[in-house]
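Geometric and topological summary
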Amino acid sequence: MSAVGSTVPEGITVPREAVTEEELAELGVDLDRDFPGSTAADFRRYPVLSEGGWYLVVKHQKTLRCVSREPWRLLGPIELTSDGLDVE
Amino acid sequence: MTEATALKDLDDAAFEARYASDRFTASVLSNRMRYIVQHMCTGLLNNAFSLILRDWYDFAATISGPPEQNYPMASVSNSLAMFLGTMSEAVRNTIEEYGPENLRPGDVIICNDPYRAGNHVNDICFIRPVFHNDRLVSFVNLRAHQLDMGGVVPAGFSGTKRNVYENGLVIAPMLLYRDNKPVKSSFNLIFDNARFCELLLPDIKTIYQNLLLGEQLILESIDRYGVDAYLGALRYATDTSAESMSRAIAEIPDGVYEAEEGIDCDGIDDSIEYRIKLKITKVGDRMELDFSGTSPQARTSINAGILDTKTAVGVALKFLIDSESPFTSGTYRPIDIVIPAGTFISATPPDGAVFLYWESTGPVLLAVFRALEKALGRRAVGGDYGSLNIHNANGVLPDGTPWVTTAQCGGEHGPWGATEAGDADSYSVMYQANNLDPATEAIESEVPAVVLRKEYAIDSAGAGTNRGGAAVLKDTLYLTEAEHWSSPLHVKKASGIGVYGGKSGALGATWVFDPDYYNVPQKKELIPTSDEVYEGSTPVAGMLDPKTKAVDPNGEYFYFARNPVWHTKPHAVFRYLTNGGGGWGSPLDREPERVCRDVRDEYVSIEGAYEHYGVVIKGDPHNDPENLQIDYEATERRRAELRAQQPAAN
């Protein structure tokens, strides 16, 4: 039988980094032209897993449109026990 | 992003420019790739030696494109879906780490690391690079379960292993064949760690032969249609899946959809429940699934890897909205998954041991089902039995020969949920799998066990306009002493959720009947299925009445791993009762004649028909099943009474 009452531990979250207007401009985004009514606060940078593996995206949160989508680490956020091993 | 109508709207010149062939040739090559992977699977199924491949079909074949295309997985076999979502990354991650520049004709590369390649350590990826005129043009791949991969549990299936060291041998990307010759050091690595090697060796040789078959068929295709057309067809095959999924997503109303699901506990104790939080954001033809807020990884091997979660997302969406197109890597093009590392559905080494990964990704699939239920309306699908209830046992025959049974004699097969199309099947494998059911004769010929019962449990199916599948009750008698790992991980809450007004399926449970309490060979009678029989049993898992030990959703939880290993005397019986499948639509809208047929077939009792469906039936279903009578007037009154009791929303 159940010996103790069960609990649900606090979960883990993927942080979504804020993006500045300057960073958006560097990515070629013209807010007035491309996302009328939006500000830099409507964009976030975070990793996603999709077709082709992991990407670091900068995405407009209301429309899910990516303004940047660059390949990220091969295994994404997973770190192997052997990562960093130098056998030379 | 692929435009939704791009492919059919391309004129001949545009199609030729994009895919280096005409439309007809690209279709022929795509179909031929599907033929190739099926042919590889048939070859392995017909010639495998171990029960897990021969009787379970625990393998899958795929074809991937070359590195410059980023390894698109263009073709998948009609087999274990749990392998298909992981394979595209498995091939890419394995080859990128090994170095594509280090490959040459005649190689086979292997990897079984759950964190690099998904699934569990027994599921080795065998990857064969295909060269055409010294150019690397493709990979043919088989992921196939090996009967054992070392670790503390023979055959491996256990939710009680605490880390990667207990879990089994981890193989980083390495050569298994070079110049079409076995690399002895690699074979030694496996065979110095794994048990049952007399079965593993012929299995691996059979796998190798079927890789050669796949390679040969690809090269024949290239010789016939040209390498550019072949490379174009790899992209065409994934583009069709991507377009199909985009179109399906576009049909869902834009919005944010959330759900929670979970798993009962891990293998340390039952102090922690693990919970998935899912937030789906859907805009236009794109979808983002965010698993932020999900519980940290478990302390034992009930965890899943991040690629297993990716599979569950893909399978759920294929089930719900896009079941027509092949499950290639293109399926994920309009989908972004946001998931932190270190949860129980994205475990990390060395402490986040991954073995019973489907037990944790089943709830991922169910969370997608729950989240989209309202948006889908009539297209919602009920939940399945939710846990493979996998049973792993071993012992020694009187002559000293060791035996093992794995996934044959637990509650591995059970019901699905109902859909708009009709009642659900009651005997299949869980939604993420697509396997066979080992034949009773095969089990009893190899294992000192007798399958006594394999039947449906009355009144266990979720009621609905379309009924969920019935729970499966299975009894197995073990003729020798044995040790058992039993893993029913979803007994606290219904997994067979009802949808569109349907009811959820009943809860399952597992018990052991010690021969001192009920000795089947001596009594020469099967153990009854009535509630009174459980009082003298030893519960393994379930929500049970603490005195009678019969299933009681309001009873006490019995924790599956309070005995990590169940030791039994000869003639003990394990009984598994799966969860029931979920119903679709209000049961009060089910035609009384269909309810009567269910009573005749003993899916539903006369009392259940009255209680859940409001249908009044008279007669003796067990002894005179063809002369049951529906009392239509009484049915109308009863249904009016039940409708009056329903909340206004219904």
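Residues numbered from 1 in each chain as written. Chains lettered and ligands numbered in written order. Predicted model: local features only at pLDDT ≥ 70, side-chain atom pairs only at ≥ 80, totals over all residues.

Looking at the overall build of chain B
For chain B, the count of helices and strands is 17 helices and 23 strands. Against the compact-globule benchmark of 26 Å for 650 residues, chain B has a radius of gyration of 25 Å, which places it among compact chains. In terms of overall dimensions, chain B has a C-alpha envelope of 75 × 65 × 45 Å along the principal axes. Counting only residues that meet the buried cut, chain B has 60% of its 650 residues in that class. (Helix = DSSP H or I, 4+ residues; strand = E, 2+ residues; numbered from the N terminus. Rg over C-alpha atoms; globule rule 2.2 N^0.38 Å. Buried ≥ 20, exposed ≤ 12 C-beta atoms within 10 Å, placed from the backbone.)

Concerning the overall build of chain A
Looking only at helices and strands, chain A has two helices and four strands in total. Order of helices (α) and strands (β) in chain A, N terminus to C terminus: β-α-α-β-β-β. Each principal axis of the C-alpha atoms in chain A carries an extent, and together these give about 60 × 50 × 25 Å. Every one of the 88 residues in chain A was classed for burial, and the buried ones make up 23%.

Things to note about the environment of Leu176(B)
All names here are of chain B. Mapped onto the fold, Leu176 is located in strand S6 (residues 174-178). Along the sequence, Leu176 and Tyr534 sit 358 residues apart, while their C-alpha atoms lie 51 Å from each other. Among residues more than four places away in sequence, those in contact with Leu176 are Val108, Ile109, Ile110, Phe126, Val183 and Ser186. (Contact = placed C-beta atoms within 7 Å.)

Remarks on the sheet that holds S6(B)
All names here are of chain B. Overall, antiparallel pairing links the seven strands, which are arranged S2-S1-S5-S4-S3-S6-S7 in an open sheet. The strands lining the two open edges of the sheet, one partner per strand, are strand S2 (73-76) and strand S7 (181-182). Pairing of strand S1 (residues 59-64) with S2, which is carried by three bridges, proceeds in the antiparallel orientation. The residue of S2 that forms the bridge with Ile63 is Ser75. Helix H5 (residues 81-98) rests against S1, S2, strand S3 (108-111), strand S4 (123-132) and strand S5 (135-145) of the sheet, and its axis sits at about 55° to S1. (Pairing = 2+ DSSP bridges. Axes fitted to C-alpha atoms, helices over the stretch in contact; angles between N-to-C directions.)

Examining the domain arrangement of chain B
Domain parsing of chain B yields domain 1 (6-243), domain 2 (380-585) and domain 3 (588-645). The C-alpha-based centres of domain 1 of chain B and domain 3 of chain B are spaced at 51 Å. (Domains from an automatic or database assignment.)

Quick word on helix H15 (residues 592-600) of chain B
All names here are of chain B. Within the sequence span of H15, burial applies to Val595, Cys596, Asp598 and Val599. The arc that holds the buried residues of H15, viewed along the axis, is 155°, so those residues lie on one side. Elements that come into contact with the buried residues of H15 comprise helix H16 (606-613), strand S22 (617-618) and strand S23 (629-630). (Arc of directions from axis to C-beta.)

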